[in-house]
Amino acid sequence: MREINASIPFDKALWRQDILASEAHVAMLAAQGIVSQEDANAIANGLARIATEYETQGVPEDWDLEDIHMTTESRLSELIGPVAGRLHTARSRNDQVATDFRLWVRSAIDQMDEGLADLQRALVARAEEHASAIMPGFTHLQTAQPVTLGHHLMAYYEMFARDRSRLEDARARLNECPLGSAALAGTGFAIDRDRTAQALDFTRPCANSLDAVSDRDFALDYLHAASLAAIHLSRLAEELILWASQPYGFVRMPDALSTGSSIMPQKKNPDAAELVRGHAGRVIGCATALMITMKGLPLAYSKDMQDDKPPVFEAAGLMELSVAAMTGMIAEATFHTDRLREAAELGYATATDLADWLVREADIPFREAHHITGAVVKLAEERGASLDALPLADLQDIDARIDERVFAALSVDASVAARASYGGTAPEQVRIQIGRAKRALATRE
Ligand code: ARG
C-alpha cells in the first residue's frame with residue numbers, strides 16, 4: 001500500500017503552490033475569525049520556514065507521508081506543535097491538490113506561451129531576412145510552385161499563434177479556484193472563497209464543489225494545447241531534417257544543435273530536430289494517458305486522479321526543451337538560398353504560370369490552358385530543358401496563341417511576384433504579414 005499510494009516522488013514538484021495556497025487559506029481563516037490571528041501568524045511563519053528549507057535542501061521524500069500536503073503539514077507540526085493542526089480547518093486534500101495543480105498548470109501555460117513567443121520572434125526575424133528568397137513550394141512533397149522562404153517560415157508563425165491562443169483560452173477556463181470546496185460538499189465553516197480566490201490570482205471561486213475537486217479538464221486543455229504545439233514543432237523539425245540532408249542541401253543546421261557520428265567522420269546529424277519530432281509522440285501520449293484516466297470516473301474525487309500529475313509534468317518538461325531547441329535551430333540555421341532557388345527552377349514549378357498566362361493573355365479556358373501546358377512540360381522533359389529555355393517556335397508549334405511575352409511569366413521571380421493575393425507568397429504580401437506579426441508580438445508579449 002505504501003508503494004502504490006505514495007505520490008510524494010512526483011507531487012513534491014507542487015511544493016511552492018501548496019505553500020502559497022496554505023498561506024492564502026490560513027489568512028482567510030484568521031480574517032473570518034475561524035482561527036485566531038496569533039495561531040495564523042504561527043502557521044504562516046512555520047510555512048515560510050518550510051519554504052526556505054525546501055528551497056535549500058529539497059523536499060524530503062518520506063513515503064509514509066504519502067504526498068506533498070501531508071509532508072508539509074507534518075513538518076509544520078514538528079516546527080510549531082499542535083497549532084499546525086488548525087491549518088486543515090475547512091479544507092481537504094481534495095480541494096488542496098486541485099488548487100495546487102491548477103496553480104502549477106497555470107504557470108506551465110505562461111511558460112509555454114513565453115517560449116512560443118520567442119520562437120515566433122525567431123521565425124519572423126528569419127522570414128524578414130528571406131522575404132524574397134525563392135524556394136520550391138511542395139504538395140505531396142513534389143515541386144508544385146515557387147514560393148518564398150519568408151512565406152514558408154511565416155506559415156509556422158501562424159501555427160504557433162493559434163497554439164498560443166489555445167493556451168490563452170485554456171488559461172481563462174482554468175482560472176477558477178477550487179479551494180474551499182473541501183472534500184466534495186463544501187464546508188460548514190463561514191469561509192470567504194472570494195478572498196482566497198483573489199489572493200491566488202484566480203478570477204473567481206469554482207461554482208460547484210463536486211466539480212471543483214474532481215475536474216481535471218484544465219490539465220487536459222493544457223495537454224491538448226501542448227499536443228498541437230508539439231505536432232507543429234514536429235512538422236517543422238521534419239522539414240529541417242529533410243532540408244539538411246545532402247540531396248536537398250537547403251539548410252545547414254547549427255553545430256551547437258547537431259551531433260557527429262562515432263563511426264562516420266563526415267556525418268553531422270540533426271539530432272535536436274529529430275528529438276523535437278520524437279518528443280511530439282510522447283507529449284501526445286501524455287494527453288492520451290490522462291484522457292483515459294479520467295474517462296468514466298464517477299463524482300467526486302477518486303484516487304485515480306493522483307495519476308494526473310506525471311503526464312502533465314512530463315509533457316511540460318518535453319515542451320520546454322523542444323521549444324527552446326527549435327528556437328535555437330531557427331535562429332541559427334544557415335539557409336542556402338542559391339540552392340533553394342536552383343531547386344525551384346527545376347521541376348517545372350512555373351507550369352501553372354504558363355497556364356495562367358494563356359488564360360489571361362489568350363482568353364483560353366483554364367482546363368484547355370492546363371492541357372496545352374502539359375504538352376509544353378512534356379516537350380521540356382524530352383529536351384531536358386527548363387520551360388523558359390524552350391524556343392518560341394517550338395512553343396508556337398504546340399499552340400499558336402503563345403507569343404514572346406510568355407517568357408516574362410515563366411521565371412520563378414515573376415511567378416512569385418504574381419501571387420500577391422492576400423496571404424499569398426509574393427514578397428510584398430509576405431512583408432505585410434511580417435509587419436502584422438511584429439505588431440502582434442509587440443502588443444502581446
Ligand atoms: N495525493 C493525492 C492526489 O494527488 C491528494 C489527494 C488525496 N485525497 C484523498 N482523498 N485521498 O490526488
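Quantities reported herein were computed from a predicted structural model and do not represent experimental measurements.

> Please explain the state of the cysteines as it appears in this structure.
Considering all chains together, one arrives at 0 disulfides under this definition. The thiol of C177 is unpaired, and the distance to the nearest cysteine sulfur, on C206, comes to 6.6 Å. Since its relative accessible area comes to 5%, C206 is described here as buried.

> What exactly am I supposed to notice about the site of the ligand here?
Around the ligand sit S7, D11, E66, D67, H69, R93, N94, V97, Y301, Q306 and K309, and those are all the residues in its vicinity. Between the ligand and N94 there is a distance of 2.8 Å, counted from a nitrogen atom to a side-chain nitrogen or oxygen. Burial of the ligand by the protein amounts to 85% of the accessible area it has alone, namely 350 Å². Top contributing element to the shell around the ligand by residue count: helix α6 (residues 93-129), with 3 residues.

> How should the pairing of strand β2 (residues 142-148) be read in this particular structure?
Note on strand geometry: in a regular strand, side chains alternate between the two faces of the sheet. Pairing of strand β1 (residues 134-139) with β2, which is carried by 6 bridges, proceeds in the antiparallel orientation. Pairing of T139 across the sheet is with Q142, part of β2. Turn length for the β1-β2 hairpin, with the two strands adjacent in sequence and antiparallel, is 2 residues, and the turn residue H140 shows positive phi of about 55°.

> How should the pattern of salt bridges be read in this particular structure?
Here the structure, examined in full by the defined rule, presents 37 salt bridges. Between E53 and R49 there is a salt bridge whose closest N-O contact spans 3.8 Å. With E53 and R49 both in helix α4 (residues 37-57), this residue pair falls 4 residues apart, about one helical turn. The class for E53 is buried, based on a relative accessible area of 14%. Among the residues examined, R49 registers a relative accessible area of 49% and is labelled partly exposed. Where E53 meets R75, a salt bridge forms, and the shortest distance between an N and an O atom there is 2.8 Å.

> Would you mind going over the packing of aromatic side chains with me for this structure?
Aromatic rings considered in pairs are described by the distance between their centres and by the relative angle of their planes. Tallied over the full model, the rule gives 6 aromatic pairs. The interplanar angle of 75° and the centroid separation of 5.6 Å between the aromatic rings of F101 and F218 together place this pair among those described as edge-to-face. A residue pair is termed long-range when its members are at least 10 positions apart, and F101 in helix α6 and F218 in helix α10 (residues 217-244) qualify at 117 residues. With relative accessibility at 0%, the residue F101 sits in the buried group. Each residue in the set F101, W104, F218 and F313 is aromatic and connected to the rest through ring pairs, giving one cluster. When the ring centre of F202 is taken as reference, the NZ or CZ atom of R106 above it lies at 5.0 Å.

> Honestly, the layout of surface pockets in this entry has me stumped. Any pointers?
Remark: the empty space left among the atoms is shown by a probe the size of a water molecule rolled over them. Each pocket or cavity is described by its volume, and for the largest pocket that value is around 310 Å³. Contributing to the lining of the largest pocket are 16 residues, with A244, S245, Q246, K268 and P270 lying nearest its centre. Each residue belonging to the lining of the largest pocket can be placed in one class, and the counts come to 5 nonpolar, 7 polar and 4 charged. When its volume is computed, the second largest pocket comes out at roughly 250 Å³. Around the second largest pocket, the lining is made up of 17 residues, and of these G137, F138, Q145, V147 and H152 lie nearest the centre. Elements with a contribution of two residues or more to the lining of the second largest pocket: β1, β2, α7 (149-174) and α10. Residue contributions to the lining of the second largest pocket peak at 4 residues, all from β2. For the lining of the second largest pocket, the per-class residue count stands at 9 nonpolar, 6 polar and 2 charged.

> Looking at this structure, how should I read helix α14 (residues 351-362)?
Turn by turn, an α-helix covers 3.6 residues, leaving residues three or four places apart pointing in a common direction. End to end, α14 covers 16 Å across 12 residues, agreeing with the expected 16 Å (1.5 Å per residue, within 8%). If you check which residues of α14 are buried, you get A351, D353, L354, A355, W357 and L358. Among the structural elements, α15 (366-383), α17 (406-409) and α18 (412-418) are those in contact with the buried residues of α14. Taken from the residues just after α14, D363 is the one with a positive phi, measuring 55°.

> Help me understand a nonpolar patch on the surface, please; the structure alone is not making it clear to me.
Taken together, the side chains of L184, L210 and L299 present a nonpolar region at the surface, about 270 Å² in accessible area. Classification of L210 by relative accessible area gives partly exposed; the value is 32%.

> Just to check I follow, could you spell out the environment of T71 for this structure?
Here T71 lies in helix α5 (residues 68-80). Taking the C-alpha atoms as reference points, T71 and K309, separated by 238 residues in sequence, lie 17 Å from one another. Once residues lying within four places of it in the same chain are set aside, the contact partners of T71 are I8, Y54, V59, P60 and L65.

> Honestly, the side chain of S214 in this entry has me stumped. Any pointers?
Following the sequence through the fold, S214 ends up in helix α9 (residues 209-214). Overall, the relative accessible area of 8% leaves S214 in the buried class. A distance of 2.8 Å separates the side chain of S214 from the backbone oxygen of L210, its partner in a polar contact. Once you skip the residues sitting within four places of it in the chain, S214 turns out to touch M294, L299, A300, Y301 and M305.

> So what exactly am I meant to see when it comes to the packing of α6 against helix α12 (residues 309-332) here?
A pair of packed helices is captured by two measures, namely the crossing angle of their axes and the spacing between those axes. Taken N-terminus to C-terminus, the directions of α6 and α12 make an angle of 15°; their axes are 9 Å apart at the nearest point. Viewed along their axes, α6 and α12 adopt a mutual orientation that is roughly parallel. Helix-helix and strand crossings are classified by hand; for α6 and α12 the assignment is left-handed. The residue makeup of the contact of α6 with α12, split by class, is 17 nonpolar, 3 polar and 5 charged.

Conventions adopted
- Residues numbered from 1 in each chain as written.
- Predicted model: local features only at pLDDT ≥ 70, side-chain atom pairs only at ≥ 80, totals over all residues.
- Heavy atoms only, no water.
- Disulfide = S-S within 2.5 Å.
- Buried < 20%, exposed > 50% of the residue type's maximum accessible area, 1.4 Å probe, protein only.
- Near = heavy atom within 4 Å.
- Polar contact = N/O pair within 3.5 Å; in protein donor to acceptor, adjacent residues only side chain to side chain.
- Areas by Shrake-Rupley, 256 points an atom, 1.4 Å probe, with all protein chains shown as cover.
- Helix = DSSP H or I, 4+ residues; strand = E, 2+ residues; numbered from the N terminus.
- Pairing = 2+ DSSP bridges.
- Salt bridge = Lys/Arg side-chain N within 4 Å of Asp/Glu carboxyl O.
- Phe/Tyr/Trp six-rings, centres within 6.5 Å; stacked < 30°, edge-to-face > 60°.
- Lys NZ or Arg CZ within 6 Å of the ring centre and 35° of its normal.
- 1 Å grid on protein atoms, 1.4 Å probe; cavity = no way out; pocket = protein on both sides within 12 Å on 5 of 7 lines; lining within 4 Å.
- Points joined across faces, edges and corners; volume = space filled by probe spheres on them.
- Nonpolar A, V, L, I, M, F, W, Y, C, P; charged D, E, K, R; others polar.
- Expected span 1.5 Å × (residues − 1).
- Contact = heavy atoms within 4.5 Å.
- Patch = residues over 30% accessible without salt bridge, like charges linked within 9 Å, V, L, I, M, F, W, Y side chains within 5 Å.
- Axes fitted to C-alpha atoms, helices over the stretch in contact; angles between N-to-C directions.
- Parallel < 35°, antiparallel > 145°, perpendicular 65-115°, else oblique.
- Left-handed = near helix turned anticlockwise from the far one by under 90°.

All we've got here are geometric facts, nothing functional implied.
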